[in-house]
Every structure is written in C-alpha cells, then in structure tokens.
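# A structural walkthrough
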Amino acid sequence: MKLRVLGCSGGVGAGLRTTSYMVDDDILLDAGSGVGELFLEEMSHIRHIFLSHSHMDHTAFIPFLVDSIFERLTDPIIIHAQQETIDALQAHIFNWVMWPDFSKLPREDNAVLKYEPMKPGEKIWINGRQIEMIAVNHTVPGVGYRVSNETCAFAYSGDTSTNDNFWNVLNSYDNLDLLIVEVAFANRQSKLAQMAKHYCPATLAEDLSKLKHNPDVYITHLKPGEEMAILSEVKAAIRRFNLKTLVGDEVFQL
Ligand SMILES: [Zn+2]
Ligand SMILES: [Zn+2]
C-alpha cells in the first residue's frame, strides 16, 4: 500500500498545501489544496474520496478536481463521508451558486459525483484495502480513518481535540505501523486550540499516552510559521515516540 502526502499544512503559502492524502492511485483522504499537486492523468485515476469533515482546508479542491477531469470520467467519483458532511457540501458548495451540482451532471442518472453516507464504526473494503471511519472530537461532526490491508495499517486523525474513541479503536487492533495526527497550535495558543477543537502539544501528549502501539508518528496540520515551535514542544512533551513533522509530497510504502 502506498501513502502519498499531497498536502499536510494547517494553512497556505508558497510550498504549503492543505490536507490531502493519496492511498495507492485511486483513493483520497480529504481533498484540500494538496490535490493541486496532481497531474490531470493522476486525478483521473481517483475513484474514492473519504472526508474527515466539512471544513474547507479538507474539502476546497473537490470542486476543481471534478471540474478538471469531468470530460475524462467514465465512472463517478464516490464521496464517502458522514451525512452531515455531505449535507454541508451540497448546501454550501455544490449549490449552483458557489459551484454547479456535479451530482446531477452531466445527467441525474449518470452523474460524475456520487455521495455515499458512512457512519463512524463502518468499514469499507476497496480492492484489498479496508477503510474504517472513526469518530473524533471537532467543532463539526468529524472523523479519522484507519486504513489497512492484510499486512499493514496506518491511521489518520482528521481534525480533533481530546477524545478517547480514536485511541480506543486503534487499540482494538493488533497492528498500527504509521500514525498521522494533527496538532494545530503551540501551547501558548491552548485556549484557541480548545475553542477550535484542535490538539496543542500538551493535549496531544495526554492522548498519545492512551495508544498501546508504537507506530511511526507524524504530526500534521501545523499552523504556518509555528512549525518549529510546535515541533519542539511536541518533542519535549512526548518522549515515547520518535515524532516527525510530515512534509508535502512525502511517499510511504507500507
Ligand atoms: Zn477542521
Ligand atoms: Zn483542518
């Protein structure tokens, strides 16, 4: 299984893209501005997009993606997400005002975008890869994902603050090779982190201590300009793992 980081920043700027991860060549986890790293040919292989939540840094490039490859598509792109996330996309993005409703184009019975509501705890198998949706704790209904095949597994937290469920679900399995977990703010912005329901290094340290596995841990969604401060606070607070910052366009072979 191949995992490619298309975008992993908490903001934008030269060289910085917002969240999107590609699994092999056909699945996206979130579709922030990282999708803009893909060539048209690569975009045309995408068949499934799993969304963590509705926020724009995770969804903003779905409209451009669909529009760019509209003519090339023979099968629809399926968006897997909680019903609340799908409702938000339909009401606020694909509403014919912000963007055309591609779930009705070119024809209602043969559209290029298809929604498949999913609930936390559900698992979907796609060509030998299992994707499980896991509830987390964000300002809007939010989830993370555990992605596995017969031999390996990785997990992605989505956007979250303190919770037990994500860690309990990961602990219920025998293996976890790689973990991508968000930490958006430095400790001095812990109040903001609490309000926006993101981790800061102190709260991430508490929650990571719940994990029984010893995966490679990569932190993500760092506020631009705060990367060094957050990383040094995370390293000081968490000794058990060899933590690294995720960088754009990194590829993991699992
Ligand atoms: Zn968010
Ligand atoms: Zn976010």
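In short, a report on the structure. (Residues numbered from 1 in each chain as written. Chains lettered and ligands numbered in written order. Predicted model: local features only at pLDDT ≥ 70, side-chain atom pairs only at ≥ 80, totals over all residues. Heavy atoms only, no water.)

Turning our eyes to something else, we now look at the sheet that holds strand β11 (residues 143-148). A sheet is described by the order of its strands in space; here seven strands give the open sequence β9-β10-β11-β12-β13-β14-β15, paired in mixed fashion. Of all strands in the sheet, those with a lone pairing partner are β9 (123-126) and β15 (243-245), marking the two edges. On average, adjacent strands in this sheet sit at an angle of 20 degrees to one another, irrespective of strand direction. Sheet topology note: the strand β12 (residues 153-156)/strand β13 (residues 178-182) ladder contains three bridges and is parallel. What sits directly across from Y156, in β13, is I180. Strand contacts of helix α7 (residues 201-208): β13, β14 (216-220) and β15, with the helix running at about 145 degrees to β13, the strand carrying the most contacts. (Pairing = 2+ DSSP bridges. Helix = DSSP H or I, 4+ residues; strand = E, 2+ residues; numbered from the N terminus. Axes fitted to C-alpha atoms, helices over the stretch in contact; angles between N-to-C directions. Contact = heavy atoms within 4.5 Å.)

Another aspect to go through is the nonpolar core. Grouped together as the largest cluster of nonpolar side chains are 27 residues, with contacts concentrated most on W167, L170, L179, L208 and I219. Listing elements by their share of this core, those giving two or more residues are α5 (165-171), β13, α7, β14 and α8 (227-237). With four residues, α5 is the largest single contributor of residues to this core. Setting aside its immediate chain neighbours within four residues, I219 contacts V181, V183, L204, L231, V234, L243, K244, T245 and L246. Within the second largest apolar cluster, 26 residues are counted, among which are M22, I86, L113 and Y115. (Core = buried A, V, L, I, M, F, W, Y, C linked by side-chain atoms within 4.5 Å. Buried < 20%, exposed > 50% of the residue type's maximum accessible area, 1.4 Å probe, protein only.)

Time to look at α8. The set of residues buried in α8 consists of I230, L231 and V234. Summarising the axial view, the buried residues of α8 lie within an arc of 95 degrees, below the 170-degree limit, and thus occupy one face. Each element contacted by the buried residues of α8 is listed here: α7, β14 and β15. (Arc of directions from axis to C-beta.)

Attention now moves to the layout of surface pockets. Taken as a whole, the largest pocket spans an internal volume of roughly 240 Å³. Lining of the largest pocket is provided by 19 residues; of these, C8, S9, L16, L246 and G248 occupy positions nearest its centre. Contributing elements (two or more residues each) for the lining of the largest pocket: β1 (2-7) and β14. In terms of residue count, the dominant contributor to the lining of the largest pocket is β1 (three residues). Of the residues assigned to the lining of the largest pocket, the class counts are eight nonpolar, seven polar and four charged. (1 Å grid on protein atoms, 1.4 Å probe; cavity = no way out; pocket = protein on both sides within 12 Å on 5 of 7 lines; lining within 4 Å. Points joined across faces, edges and corners; volume = space filled by probe spheres on them. Nonpolar A, V, L, I, M, F, W, Y, C, P; charged D, E, K, R; others polar.)

This part covers the packing of aromatic side chains. Within this structure, the stated rule accounts for eight aromatic pairs. Between the aromatic rings of F70 and F102, the centroid separation amounts to 5.4 Å while the plane-to-plane angle is 70 degrees, which identifies the pairing as edge-to-face. With F70 in the loop between α3 (62-69) and β5 (77-81) and F102 in the loop between α4 (83-92) and β6 (106-107), this residue pair connects regions lying 32 residues apart in the sequence. Using a relative accessible area of 23% as the deciding quantity, one classes F70 as partly exposed. Both rings, one in Y218 and one in F252, keep their centres 4.9 Å apart while their planes meet at 65 degrees; by these two values the pair is edge-to-face. Here F252 lies in strand β16 (residues 251-253) and Y218 lies in strand β14, a separation of 34 residues in the sequence. (Phe/Tyr/Trp six-rings, centres within 6.5 Å; stacked < 30°, edge-to-face > 60°.)

Across the sheet, which stays open at both edges, the seven strands sit in the order β8-β5-β4-β3-β2-β1-β16 with mixed pairing between neighbours. Only two strands of the sheet have a single neighbouring strand rather than two, namely β8 (113-117) and β16. Each adjacent strand pair in this sheet contributes to an overall mean axis angle of 20 degrees, direction not counted. As paired strands, strand β2 (residues 20-23) and strand β3 (residues 27-29) are joined by three bridges and run antiparallel to one another. The partner of V23 across the bridge, within β3, is I27. Its contacts with the sheet put α3 on β3, β4 (48-50), β5 and β8, and the angle it makes with β5 is roughly 165 degrees.

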